[in-house]
Amino acid sequence: MLRKLTPYLFVAPLMIFIALFTYIPILASINLSFREWNFLTPDMPFVGFRNYEQLLASRDLWNSLWVTTLFAVLSVPLRLGLALLIANYLVRESMHVRLLRGALFLPSVTSTVSIAVVFSWVFSTDYGMVNALLGTFGLGKVQWLQNPHLALWVLIFVNTWKQIGYDIVIYIAGLQAIPRELYDAAAVDGGKRLHVFRRITMPLVMPTTYFLLVISVIEAFQVFTIVNVMTKGGPAGATDMLVNLLYEIGFVLFDIGRGSALAVLLFILLVGLAILKSRIIGRKVHYEA
């Protein structure tokens, strides 16, 4: 009997930890989404689907959904495309390549708050490095974070700069798993570099691309820190993404019921996207060379 229980005893601490900090909070959020609560009173009256109805009728929700979707559609292909091209160069082994790998990976393990603060200064209108550089060419100051048409692009750049190092490392691992004999055979047949990349590298690295696509889309829909530090959702709601809206509703307005309802809707959206990607892209992924 003890022998049968031993494996469960080993994993019990981890399962308890996951239950306390993942599953129980999820269930609590679902419960709170059907209630009205403001953190200040012990009363939490049941209001049914009213929180969901108010959210779905709110223009702020649809604006945030549009901005978040636009951010994901623009940033994810940019990240993965650049990461694959850079990884294809860095897959070779040499001292300077190893140093470059480390330099590119460093931002992905650096505090997001620190990165957001630094880039807030870099893109500052009055004393930012970017405008100072433009000034040397006789160009005027640009309001990078105050212009609704530019602020989202700045966030895409900052997010890509931070996350691309992780994508590169994963792509390098995927590229190293491709049998070298395939490239040797292509070289013997006189295959050009672009043709080899399109016919051999891209198909065989598709499992890695699919993994990074899932991770990147989830991350894009959950981006918060750079938005909160650099723009706070402005200007005029141009960068007000879903998690930032959730923060404003729940922890600025203290409307925990609506905030929990938005968290549940975001969870359903991400699960739906994961299933959709699995149906559309997952079937085309082959895990054997």
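Residues numbered from 1 in each chain as written. Predicted model: local features only at pLDDT ≥ 70, side-chain atom pairs only at ≥ 80, totals over all residues. Heavy atoms only, no water.

- In the nomenclature of an unreviewed UniProt entry, the protein corresponds to ABC transporter permease subunit from the organism Endobacterium cereale.
- Recorded under Subcellular location (unreviewed entry), the UniProt text for the protein is reproduced unchanged: "Cell membrane".
- Among the UniProt annotations of the protein, the heading Sequence similarities (unreviewed entry) holds the following wording: "Belongs to the binding-protein-dependent transport system permease family." (UniProt positions renumbered as here; feature names shortened; annotations may be inferred.)

### Some details on the pattern of salt bridges
Right, on to step 1. Summed over the entire model, instances satisfying the criterion amount to 5 salt bridges.
Right, on to step 2. Here Arg50 ties to Glu36 by a salt bridge, and the two come within 2.6 Å at their closest N and O atoms. Of the two residues, Arg50 sits in helix H2 (residues 50-56) while Glu36 sits in the loop between helix H1 (2-32) and H2, which places them 14 residues apart along the sequence.
Right, on to step 3. Look at Glu36 and you get partly exposed, because its relative accessible area is 40%. (Salt bridge = Lys/Arg side-chain N within 4 Å of Asp/Glu carboxyl O. Helix = DSSP H or I, 4+ residues; strand = E, 2+ residues; numbered from the N terminus. Buried < 20%, exposed > 50% of the residue type's maximum accessible area, 1.4 Å probe, protein only.)

### With respect to the environment of Tyr23
Right, on to step 1. Tracing the backbone shows Tyr23 in helix H1.
Right, on to step 2. When the C-alpha positions of Tyr23 and Thr231 are compared, they lie 32 Å apart, and in sequence the two are 208 residues distant.

### Observations regarding the packing of helix H3 (residues 59-90) against helix H10 (residues 206-221)
Right, on to step 1. Running from N to C, H3 and H10 point in directions that differ by 145 degrees, and their axes come no closer than 9 Å. The element H3 and its partner H10 pack so that their crossing is right-handed. Residues Thr68, Thr69, Phe71, Ala72, Ser75, Val76, Arg79 and Leu80 of H3 touch H10, and the partners they reach there are Thr209, Leu212, Leu213, Ser216, Val217, Glu219, Ala220 and Phe221.
Right, on to step 2. Along the lines of polarity and charge, the residues of the contact of H3 with H10 split into 9 nonpolar, 5 polar and 2 charged. (Axes fitted to C-alpha atoms, helices over the stretch in contact; angles between N-to-C directions. Left-handed = near helix turned anticlockwise from the far one by under 90°. Contact = heavy atoms within 4.5 Å. Nonpolar A, V, L, I, M, F, W, Y, C, P; charged D, E, K, R; others polar.)

### As for the side chain of Asn244
Right, on to step 1. Here Asn244 is to be found in helix H12 (residues 242-252).
Right, on to step 2. The class for Asn244 is buried, based on a relative accessible area of 1%.

### Some thoughts on the UniProt feature "transmembrane region" (unreviewed entry) in the protein
Right, on to step 1. Here, the residues flagged by UniProt with the feature "transmembrane region" (unreviewed entry) are residues 7-30, 65-91, 103-124, 144-161, 208-229 and 249-276.
Right, on to step 2. A helix fraction of 64% and a strand fraction of 0% characterise residues 103-124, whose end C-alpha atoms lie 25 Å from each other.
Right, on to step 3. The straight-line gap between the two end C-alpha atoms of residues 208-229 is 32 Å; of that span, 86% is helix and 0% is strand.

### Re a nonpolar patch on the surface
Right, on to step 1. On the surface, a cluster of nonpolar side chains totalling about 740 Å² of accessible area is made up of Tyr23, Ile26, Leu27, Ile30, Phe267, Ile268, Val271 and Ile275.
Right, on to step 2. Mapping Ile275 onto the fold places it in helix H13 (residues 256-280).
Right, on to step 3. Given a relative accessible area of 46%, Ile275 falls into the partly exposed group. (Patch = residues over 30% accessible without salt bridge, like charges linked within 9 Å, V, L, I, M, F, W, Y side chains within 5 Å. Areas by Shrake-Rupley, 256 points an atom, 1.4 Å probe, with all protein chains shown as cover.)

### Topic: the packing of aromatic side chains
Right, on to step 1. The tally for this structure, following the rule as stated, stands at 16 aromatic pairs.
Right, on to step 2. When the ring of Phe34 is compared with that of Tyr52, the centres are 5.6 Å apart and the planes differ by 50 degrees; the resulting orientation is tilted. On the criterion of sequence distance, the pair formed by Phe34 in the loop between H1 and H2 and Tyr52 in helix H2 is long-range, its members being 18 residues apart.
Right, on to step 3. Aromatic pair Phe39 and Phe251: ring centres 6.2 Å apart, planes at 35 degrees, arrangement tilted. You can see Phe39 sitting in the loop between H1 and H2 and its partner Phe251 sitting in helix H12, a full 212 residues away along the chain.
Right, on to step 4. Using a relative accessible area of 39% as the deciding quantity, one classes Phe39 as partly exposed.
Right, on to step 5. Among the aromatic residues, those joined into a cluster by ring pairs are Trp37, Phe39, Phe224, Tyr247, Phe251 and Phe254. (Phe/Tyr/Trp six-rings, centres within 6.5 Å; stacked < 30°, edge-to-face > 60°.)

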